[in-house]
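Residue-level listing of the chains:
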Amino acid sequence: MQAPKFHHETLLSHSGREPKKLGGTVNTPVYRASTLLFPTVEALQAVHGTLNTYGRHGNPTTRALESALCELEGAFGAMLTPSGLSALTCALLAMLKPGDHLLMTDSVYDPTRAFCEGTLKRLGIETTYYDPKIGGGIRELMQPNTRVVFVESPGSLTFEVQDIPAISAVAHEYGAVVMLDNTWGTPIHFPSFKHGVDISIHAATKYIVGHSDVLMGVIMTSRALYPQVRGFYKQLGLSISADDAYLALRGLRTLSARLERHQRNAHQVAAWLAAQPEVEQVLYPALPGSPGYDIWRRDFTGACGLFSIQLQAMPASAVSAMLDGMQLFGMGYSWGGYESLILLTDPASCRTVTSWHSKGPLIRIHVGLEHPDDLIADLHAGLERLRETVDV
């Protein structure tokens, strides 16, 4: 009999666990192993060509994490990599060959763009960037050799929400694969495979791990693409440690509870910021009135704690005065951990098709698990420093 469909809160607690096979242990132990031994020649030959021959191909700890992630997002198979960027580059290389054409959203994570302009170009793979809000209009850009349409929703820094079902329908009509960076959406807030995605990629460093102490990437695929991607992944020799997989599993168990608090805090902070005179616009898809809100509400089941604010035109010294004195918001390039972060960004420097028109600076904010009143007080003090600098 088919197992009942559980809510994601329940799956987060039970997926990837087999206590009965582990002496009743609640958590899958850390299996540190490189060499696997076999009692007979027959036993060794029986596993030839499988993932059960050598430690590089995985162990019970890493497979528990892969299994849990697949069940959460609806994927057939998963592969763990040393970082989010390595997951992106491995997946792209697995699906593209010299002479192929790639359609890439213009709002993509900048290191992904650098990979397209560097390695892929050197290999003879052409990349065309497109407006992230193109939707079904992507049809006009499809070529006979278009093999992959890459989406990232919401987009890095500027948070455009893409119409992935519309893009996927066109891509599949032309025989192309749809690849998604789903780090913002997470495996529980954007069911990517239900919306037409073929390969979903995560920087597990962010919300899956959730504690700012592990670097990890995840590639998840449909059944049809799994052999091709897994085969290339295997050829690259990619692997992660069982210790990191254990920490990621531990973080995964609390993902729903953490995201609920991240979203609640972020919504409160974003709404407060939207009312400040120095803030021209808040770019948080889950906030009513923010760009992309309608598509977010249609396709997503929740949000995380990451968004940007566009400030009014002001001197750089004023922005520095605000950011340099923050007490609770640290300055750093990551996000998704329990702590709040703030970062001055420049999206205009990493666009080639869509221009970013802004009179003032753009600040990316990750709202952590602190009390929102304390975070708002820290931002209020920062804006006061900004105002004092502007008035001088």
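These numbers were taken from a predicted model, which means no experiment stands behind them.

Thresholds applied
Residues numbered from 1 in each chain as written. Predicted model: local features only at pLDDT ≥ 70, side-chain atom pairs only at ≥ 80, totals over all residues. Heavy atoms only, no water. Helix = DSSP H or I, 4+ residues; strand = E, 2+ residues; numbered from the N terminus. Buried < 20%, exposed > 50% of the residue type's maximum accessible area, 1.4 Å probe, protein only. Lys, Arg positive; Asp, Glu negative; His and termini not counted. Salt bridge = Lys/Arg side-chain N within 4 Å of Asp/Glu carboxyl O. Polar contact = N/O pair within 3.5 Å; in protein donor to acceptor, adjacent residues only side chain to side chain. Contact = heavy atoms within 4.5 Å. Core = buried A, V, L, I, M, F, W, Y, C linked by side-chain atoms within 4.5 Å. Pairing = 2+ DSSP bridges. Axes fitted to C-alpha atoms, helices over the stretch in contact; angles between N-to-C directions. Right-handed = clockwise from strand over helix to strand, strands pointing away. Expected span 1.5 Å × (residues − 1).

Below, the discussion takes up the side chain of Asp198. Position of Asp198 relative to the elements: it lies in the loop between α7 (186-189) and β6 (199-203). We note that Asp198 is buried and unpaired, the nearest opposite charge coming from Arg223 at a distance of 12 Å. Here the side chain of Asp198 touches His172 through a polar contact of 2.8 Å, side chain to side chain. Once residues within four sequence positions are removed from consideration, Asp198 is found in contact with His172, Ala176, Val177, Val178, Phe193, Met220, Thr221, Ser222 and Leu225.

Membership of the largest hydrophobic core comes to 86 residues, with the highest contact counts inside it found for Trp184, Leu273, Tyr284 and Phe307. Top element by residues in this core is helix α10 (residues 255-274). It accounts for 7 residues. The contact partners of Phe307, leaving out residues within four places of it in the chain, are Phe159, Ala266, Val269, Ala270, Leu273, Val282, Leu283, Tyr284, Ile363, Arg364, Ile365 and Val367. Ala87, Ala94, Tyr129 and Tyr226 belong to the second largest nonpolar core, which has 29 residues in total.

The next thing to look at is the pattern of salt bridges. Note that side chains of opposite charge can pair when their charged atoms are close. In total, this model carries 14 salt bridges according to the counting rule given. Of the charged contacts in the structure, one is a salt bridge between Glu160 and Arg351, with a shortest N-O distance of 3.1 Å. Within this pair, whereas Glu160 is found in the loop between β4 (146-152) and α6 (164-173), its partner Arg351 is found in the loop between β10 (341-345) and β11 (362-366), the two being separated by 191 residues in sequence. For the residue pair Glu160 and Arg351, the accessibility class agrees, reading buried in each case. The partner of Arg298 in a salt bridge is Asp299, and the shortest N-O contact between them spans 2.8 Å. Through salt bridges with shared partners, a single network forms among Lys97, Asp100 and Arg147.

Moving on, we get to the sheet that holds strand β5 (residues 177-181). Taking strand neighbours across the sheet as the criterion, the 7 strands line up as β1-β7-β6-β5-β4-β2-β3 in an open arrangement whose pairing is mixed. Strand pairing shows two members of the sheet lacking a second neighbour, β1 (77-81) and β3 (126-130), which therefore form its edges. Between one strand and the next, the sheet's axes are offset by a mean angle of 20°, whatever the strand orientation. As paired strands, strand β2 (residues 101-105) and β4 are joined by 4 bridges and run parallel to one another. Counterpart to His101 in the pairing with β4 is Thr146. The strands that helix α4 (residues 84-95) touches are β1, β2, β4, β5, β6 and β7 (217-221); relative to β6, the one it contacts most, it runs at about 160°.

Moving on, we come to the pairing of β4. Among the 7 residues in β4, 6 count as buried, and that is most of the element. Strand direction decides the pairing type here: β4 and β5, joined by 5 bridges, are parallel. If you follow Phe150 over to β5, its bridge partner there is Met179. Crossover β4 to β5 through α6 is right-handed.

Mapped onto the fold, Thr354 is located in the loop between β10 and β11. There is a polar contact of 2.7 Å between the side chain of Thr354 and the side chain of Asp106. At a separation of 3.0 Å, a polar atom in the side chain of Thr354 contacts the side chain of Arg351. Those residues in contact with Thr354 that sit more than four places away from it in its chain are Asp106, Asp131 and Pro132.

Read across the sheet, 4 strands follow the order β8-β9-β11-β10 without closing on themselves; strand pairing throughout is antiparallel. One side of each edge strand has no neighbouring strand; the edge strands of this open sheet are β8 (279-283) and β10. The average angle at which neighbouring strand axes cross in this sheet is 20°, direction not considered. Here strand β9 (residues 306-311) runs beside β11; their pairing, made up of 5 bridges, is antiparallel. Within β11, the residue paired with Phe307 across the bridge is Ile365. Sheet strands in contact with α10 are β8, β9 and β11, and its direction is about 5° off that of β9.

Moving on, we come to the pairing of β5. The side chains of a regular strand alternate between both faces of the sheet. Among the 5 residues of β5, 5 are classified as buried, and the element is accordingly described as predominantly covered. Of the two faces of β5, the one carrying Val177, Met179 and Asp181 and the one carrying Val178 and Leu180 are both buried. Inspection of the sheet shows β5 paired to β6 by 3 bridges, in the parallel sense. Pairing of Asp181 across the sheet is with Ile201, part of β6.

So, on to the environment of Arg32. Along the chain, Arg32 falls in the loop between α1 (8-14) and α2 (41-46). We classify Arg32 as exposed; its relative accessible area is 65%. The sequence separation of Arg32 and Ser241 amounts to 209 residues, and the corresponding C-alpha distance is 7.5 Å. If near-sequence neighbours (up to four positions away) are discounted, Arg32 is found in contact with Ala242 and Asp243.

Between the first and last C-alpha of helix α3 (residues 60-73) there are 20 Å, a value that for 14 residues agrees with the 20 Å anticipated at 1.5 Å per step. Extensive coverage of α3 is indicated by the burial of 10 of its 14 residues. Looking at α3, one finds that the buried residues are Thr61, Thr62, Ala64, Leu65, Glu66, Ala68, Leu69, Cys70, Leu72 and Glu73. Immediately beyond the C-terminal end of α3, within one or two residues, lies Gly74, with a positive phi of roughly 85°.

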